[in-house]
Amino acid sequence: MKYALFLKEKAIEAIINLYNIKPELDKIQIQSTRKDFKGDFTLVTFPLLKYSKKSAEQTADEIGNYLVDKIIDIQGFNVIKGFLNLELNETYWVNNFYEALCEERFGITKVEKDSKTVLVEYSSPNTNKPLHLGHIRNNLIGFSISRILEANGKKVIKTNIVNDRGIHISKSMLAWEKWGNGQTPDLAGIKGDLLVGKYYVKFDREYKKEINELIEKGQTKEEAEKNAPLILEAREMLRKWEAGDEKVIDLWKKMNNWVYEGFDITYDKLGVDFDKIYYESDTYKLGKSIILDGLKKKKLILKDDGSVWANLTDKGLDEKLLLRSDGTSVYMTQDIGTAYIRYKDFKFDEHIYVVGNEQDYHFKVLKIVLLELSYKWAHSIHHLSYGMVELPEGKMKSREGTVVDADDLIDEMIDTAKTISAELGKFEGYSDEEINETINTIALGALKYFLLKVDPKKNMTFNPKESIDFNGNTGPFIQYTYARIQSLKRKAEENKIVISNDKIENLEISEKEIQLIKTLNAFPNIVKEAAEILNPALVANYIYELVKEFNQFYHDFVILKEENENLKLFRLQISILSGKVIKESMYLLGINVPERM
RNA sequence: GGAUCCAUAGCUCAGCUGGAUAGAGCAACAGCCUUCUAAGCUGUAGGUCGAAGGUUCGAAUCCUUCUGGAUUCACCA
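Residues numbered from 1 in each chain as written. Chains lettered and ligands numbered in written order. Predicted model: local features only at pLDDT ≥ 70, side-chain atom pairs only at ≥ 80, totals over all residues. Heavy atoms only, no water.

Participant: Hey, could you run me through the sheet that holds strand β2 (residues 41-44) in this one?
Facilitator: Within a sheet, adjacent strands bond to each other through the backbone by hydrogen bonds, running parallel or antiparallel. What the 4 strands build is an open sheet, ordered β1-β2-β4-β3; its pairing is antiparallel. Because the sheet does not close on itself, it has two edges, and the strands there are β1 (29-32) and β3 (74-80). Averaged over all pairs of adjacent strands, the angle between their axes in this sheet comes to 25 degrees, without regard to strand direction. Pairing analysis gives 4 bridges linking β1 to β2, with the strands arranged antiparallel. Within β2, the residue paired with Ile30 across the bridge is Leu43. Sheet contacts for helix α1 (residues 2-19): β1, β2, β3 and β4 (83-88); angle to β2, the most-contacted strand, approximately 40 degrees. (Pairing = 2+ DSSP bridges. Helix = DSSP H or I, 4+ residues; strand = E, 2+ residues; numbered from the N terminus. Axes fitted to C-alpha atoms, helices over the stretch in contact; angles between N-to-C directions. Contact = heavy atoms within 4.5 Å.)

Structure representation (structure tokens):
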């Protein structure tokens with residue numbers, strides 16, 4: 001925060017003048033004062049005692065007096081156990097408030113022509129099964145981070161890599177061919193991704209049967225897994241695909257298109273989108289050629305069996321396979337190609353991958369390999385590693401049917417929102433369209449806020465039985481506060497009250513109002529920090545704080561019925577800015593706010 | 001086994017680069033709607049911050065060890 005820096009300089013000045021010695025920079029600690037104490041900024045004096053050679057209280061007292069004397073914004077100070085709490089005067093905060101009120105988008109930095117370009121990859125689905133709760137977390141984090149970076153003046157390209165080729169797809173294809181009987185999403189009346197996912201599960205079931213049979217016949221588990229007829233057929237299908245076999249390619253295209261149609265519906269429901277989508281089937285060959293080129297330049301190793309490796313032992317890692325002995329590519333191959341083409345396309349200054357923490361090692365290696373291959377831009381690669389969403393019983397497992405399907409979850413949230421709204425007797429005098437829209441906004445608000453308020457890097461638990469709350473620290477609570485403010489605005493208009501941005505003089509402002517103004521004032525810094533540490537939860541926790549304070553204010557004070565006209569206008573101005581900041585914060589999380597609810 | 005990460009109230013989570021008495025929500029209990037939206041507000045109760053050492057004026061936060069959990073080390077993606 002700017003003011004803290006200014007105070008730091010002044011504190012240094014104070015020590016030089018008072019004690020005739022220049023302090024080390026890290027000994028000057030300015031922090032915001034804890035809520036339960038009086039004051040705005042706190043200087044911790046313990047580290048300074050070696051300069052003053054006096055007691056903490058006395059040191060704090062002397063520095064406090066010096067600062068009050070020199071800085072007009074400081075009206076006084078108090079000292080508690082060696083903490084020097086500086087109290088800024090009301091004018092300082094009120095001026096700040098009006099500056100913020102007048103800004104078009106308070107706290108948001110505009111994107112300029114020469115802004116840095118940041119690529120954000122998120123979602124990265126496989127096309128053999130529908131999206132689940134884990135993907136939802138991924139998508140929401142990616143989308144929110146994109147907006148947060150944009151709010152910091154970065155040119156953001158939202159991108160996706162679709163893993164549309166490989167053995168997993170072949171499994172679904174093969175199962176459909178064997179047991180599908182020409183089934184299509186239309187005939188079955190279900191989404192395409194769901195249908196394809198069913199055949200993936202079917203494959204797995206039949207494959208397991210074959211494995212067990214082989215084991216009974218005396219093979220080891222490993223042997224059985226390799227020799228089962230189904231897996232051999234799937235491999236053969238993949239080989240044909242790579243060879244460009246027309247029939248296989250046609251089937252592949254058909255089934256992938258079903259999946260894309262399904263994904264689009266889910267993305268649309270979630271409200272996320274992309275600026276540029278890459279497909280593994282387009283990039284894996286490029287990756288292959290880059291690796292062969294690296295081999296020629298002796299940056300990679302060729303083993304006797306024909307496989308290509310990167311030697312990372314001097315980096316404290318192992319050797320990493322980049323091409324199989326049969327020349328086919330692995331996951332890493334594709335990622336190298338994709339990164340390369342992305343740099344060619346966008347010349348990004350930074351590339352953020354939103355990918356689960358189970359791939360920490362993969363991204364460590366990806367970066368090193370690219371650097372080994374002399375791509376300097378690989379320095380700008382950053383893996384935003386997020387934690388798993390776990391169920392109370394533990395990890396979600398698709399084979400055990402414990403996966404929480406994305407569409408199902410969204411639908412359930414909408415049902416819940418409907419039920420709760422009906423119970424509360426909302427929606428009298430609403431049109432059907434407005435009811436649906438509002439319910440949708442609330443349902444998604446609840447879901448998104450629930451997932452985004454947790455620090456991305458931490459694993460989190462989701463309990464499907466206790467459906468997501470609508471009270472307390474939740475999306476709907478925040479949305480409700482926003483709706484209240486909009487209601488105030490409407491009522492003000494009805495009463496022909498014009499709410500200007502003009503400064504109102506001679507006000508008697510209460511503690512609570514000042515407190516609210518201070519919290520609003522913190523918003524720009526939150527936006528900045530959230531981008532620095534790539535953490536939407538910071539924004540979520542901030543709005544909650546703000547909204548709690550606003551609701552207390554709303555409860556304790558009359559606004560429209562205030563008889564003092566100036567005070568009424570001032571309170572409306574506070575409400576307006578609070579509403580703006582709530583909306584803007586929610587926007588950063590990718591959450592909409594309703595005009596009424 | 002090597003590496004990385006995690007452990008805070010009954011449950012779900014905050015706790016900024018070490019700082020003042022560790023905070024919210026849910027659940028429980030007790031209050032507040034003739035007044036701008038009660039999806040709200042107020043209060044009560046709930047903790048040896050996984051354990052033990054160490055560094056420091058000062059540790060939930062840093063270091064070491066231990067316990068418990070997760071992930072990863074694949075010619076899987």
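Moving on from the model shown.
Participant: Honestly, helix α8 (residues 192-216) in this entry has me stumped. Any pointers?
Facilitator: For α8, with 25 residues, the first-to-last C-alpha span of 37 Å sits near the 36 Å given by 1.5 Å per residue. Looking at the residues trailing α8, positive phi occurs at Gly218, about 110 degrees. (Expected span 1.5 Å × (residues − 1).)

Participant: Sorry, what's going on with the protein's contact with RNA strand B here?
Facilitator: Near RNA strand B there are 66 residues, and of these Asp305, Tyr480, Arg484, Phe557 and Lys561 occur at the shortest range. Within 4 Å of the protein, the contacting atoms of RNA strand B are drawn from sugar and phosphate to the extent of 62%. Here a phosphate oxygen of RNA strand B and a side-chain polar atom of Lys458 are 3.2 Å apart. Considered class by class, the residues forming the surface near RNA strand B number 27 nonpolar, 21 polar and 18 charged. (Near = heavy atom within 4 Å. Polar contact = N/O pair within 3.5 Å; in protein donor to acceptor, adjacent residues only side chain to side chain. Nonpolar A, V, L, I, M, F, W, Y, C, P; charged D, E, K, R; others polar.)

Participant: Where do I start with the sheet that holds strand β8 (residues 301-302) in this structure?
Facilitator: Strand order in the open sheet made by the 3 strands is β8-β9-β10, with antiparallel pairing throughout. A strand with exactly one partner marks an edge of an open sheet, and here the two such strands are β8 and β10 (319-323). Two strands pair when backbone bridges link them, and β8 and strand β9 (residues 308-311) are joined in this way by 2 bridges, in the antiparallel orientation. Paired with Leu302 across the two strands is Val308, which belongs to β9.

Participant: When you look at the pattern of salt bridges in this model, what are you seeing that I'm missing?
Facilitator: A side chain with one charge can pair with a side chain of the opposite charge if their charged atoms come near. This model, assessed by the stated rule, comprises 31 salt bridges. The closest approach of N and O atoms between Asp36 and Arg34, which form a salt bridge, is 3.5 Å. The same class applies to Asp36 and to Arg34, which are both exposed. Notably, a salt bridge pairs Lys178 with Glu233, separated by 3.1 Å at the nearest N-O pair. Placement of the pair is Lys178 in helix α6 (residues 167-179) and Glu233 in helix α10 (residues 229-243), with a sequence separation of 55 residues. On the basis of relative accessibility, which here comes to 37%, the residue Lys178 falls in the partly exposed class. Through salt bridges with shared partners, a single ionic network connects Lys191, Asp193, Lys269, Asp407 and Asp411. (Salt bridge = Lys/Arg side-chain N within 4 Å of Asp/Glu carboxyl O. Buried < 20%, exposed > 50% of the residue type's maximum accessible area, 1.4 Å probe, protein only.)

Participant: It is not clear to me how the packing of helix α17 (residues 475-494) against helix α20 (residues 536-556) should be interpreted in this structure. Could you clarify?
Facilitator: Packed helix pairs are characterised by how far apart their axes lie and by the angle those axes make with each other. As a packed pair, α17 and α20 sit with axes 10 Å apart at the nearest point and diverge in direction by 45 degrees. On the basis of the axis angle, α17 is oblique to α20. Read as a crossing pair, α17 and α20 show a hand that is left-handed. Contacts between α17 and α20 pair Phe477, Ile478, Thr481, Arg484, Ile485 and Leu488 from the former with Ile543, Tyr544, Val547, Lys548, Phe550, Asn551 and Tyr554 from the latter. Across the contact of α17 with α20, the residue classes tally to 9 nonpolar, 2 polar and 2 charged. (Parallel < 35°, antiparallel > 145°, perpendicular 65-115°, else oblique. Left-handed = near helix turned anticlockwise from the far one by under 90°.)

Participant: What's the story with the pairing of β9 in this structure? I'm lost.
Facilitator: If a strand is regular, its side chains alternate between the two faces of the sheet. Across the two faces of β9 the burial differs, with Val308 and Ala310 buried and Trp309 and Asn311 not buried at all. Between β8 and β9, which pair antiparallel in sequence order, lie 5 residues; one of them, Gly306, sits at a positive phi of approximately 95 degrees. Bridge analysis of β9 against β10 gives 4 bridges, and the strand direction is antiparallel. Each bridged residue has a counterpart across the sheet, and for Ala310 the counterpart in β10 is Lys320.

Participant: I tried to follow the packing of aromatic side chains on my own but got confused; where do I start?
Facilitator: Geometrically, a pair of aromatic rings is defined through the distance of the ring centres and the angle of the planes. Overall, the coordinates contain 29 aromatic pairs when judged by the stated rule. Geometrically, the ring pair formed by Tyr122 and Phe274 is tilted, given 4.8 Å between the ring centres and 35 degrees between the ring planes. Within this pair, whereas Tyr122 is found in the loop between β5 (117-121) and α5 (133-151), its partner Phe274 is found in the loop between α11 (246-270) and β7 (276-279), the two being separated by 152 residues in sequence. A residue is classified by how much of its surface remains accessible, and Phe274, at 16% relative accessible area, is buried. The aromatic ring of Tyr430 is capped on one face by Arg596, whose charged end is 3.9 Å from the ring centroid. (Phe/Tyr/Trp six-rings, centres within 6.5 Å; stacked < 30°, edge-to-face > 60°. Lys NZ or Arg CZ within 6 Å of the ring centre and 35° of its normal.)

Participant: Before we go on, may I ask you to explain helix α4 (residues 90-102) in this structure?
Facilitator: Given 3.6 residues per turn, any residue in an α-helix points the same way as the ones three and four places further on. A rise of 1.5 Å per residue sets the reference length of α4, with its 13 residues, at 18 Å; its end C-alpha atoms lie 19 Å apart and thus fit the reference within 8%. Taken together, the buried positions of α4 are Tyr92, Trp93, Val94, Asn96, Phe97, Tyr98, Ala100 and Leu101. Lining the buried residues of α4 we find α1, β4, α18 (511-521) and α21 (565-589).

Participant: Got a minute to help me understand a negative patch on the surface in this structure?
Facilitator: A grouping of Asp186, Glu261, Asp264 and Asp268 is seen on the molecular surface, where their side chains present a negatively charged patch. Element by element, the count of residues in the negative patch is highest for α11, at 3 residues. For Asp268, the location among the structural elements is in helix α11. Taking the relative accessible area as the measure of exposure, Asp268 reaches 63% and is therefore exposed. (Patch = residues over 30% accessible without salt bridge, like charges linked within 9 Å, V, L, I, M, F, W, Y side chains within 5 Å. Areas by Shrake-Rupley, 256 points an atom, 1.4 Å probe, with all protein chains shown as cover. Lys, Arg positive; Asp, Glu negative; His and termini not counted. Charge placed at Lys NZ, Arg CZ, Asp CG, Glu CD.)

Participant: Sorry if this is basic, but what is going on with the pairing of β2 here?
Facilitator: Residues Phe41 and Leu43 of β2 are buried on one face, and the alternating residues Thr42 and Val44, pointing to the opposite face, are buried as well. Summarising the sheet, β2 and β4 pair through 4 bridges and their orientation is antiparallel. What sits directly across from Val44, in β4, is Phe83.

Participant: Is there a simple way to explain the domain arrangement of chain A in this structure?
Facilitator: Many authors give the size of an interface as the accessible area that is lost as the parts come together. Under the domain assignment used here, chain A contains domain 1 (2-88), domain 2 (165-274), domain 3 (279-386) and domain 4 (407-589). The gap between the C-alpha centroids of domain 1 and domain 3 is 51 Å. (Domains from an automatic or database assignment.)

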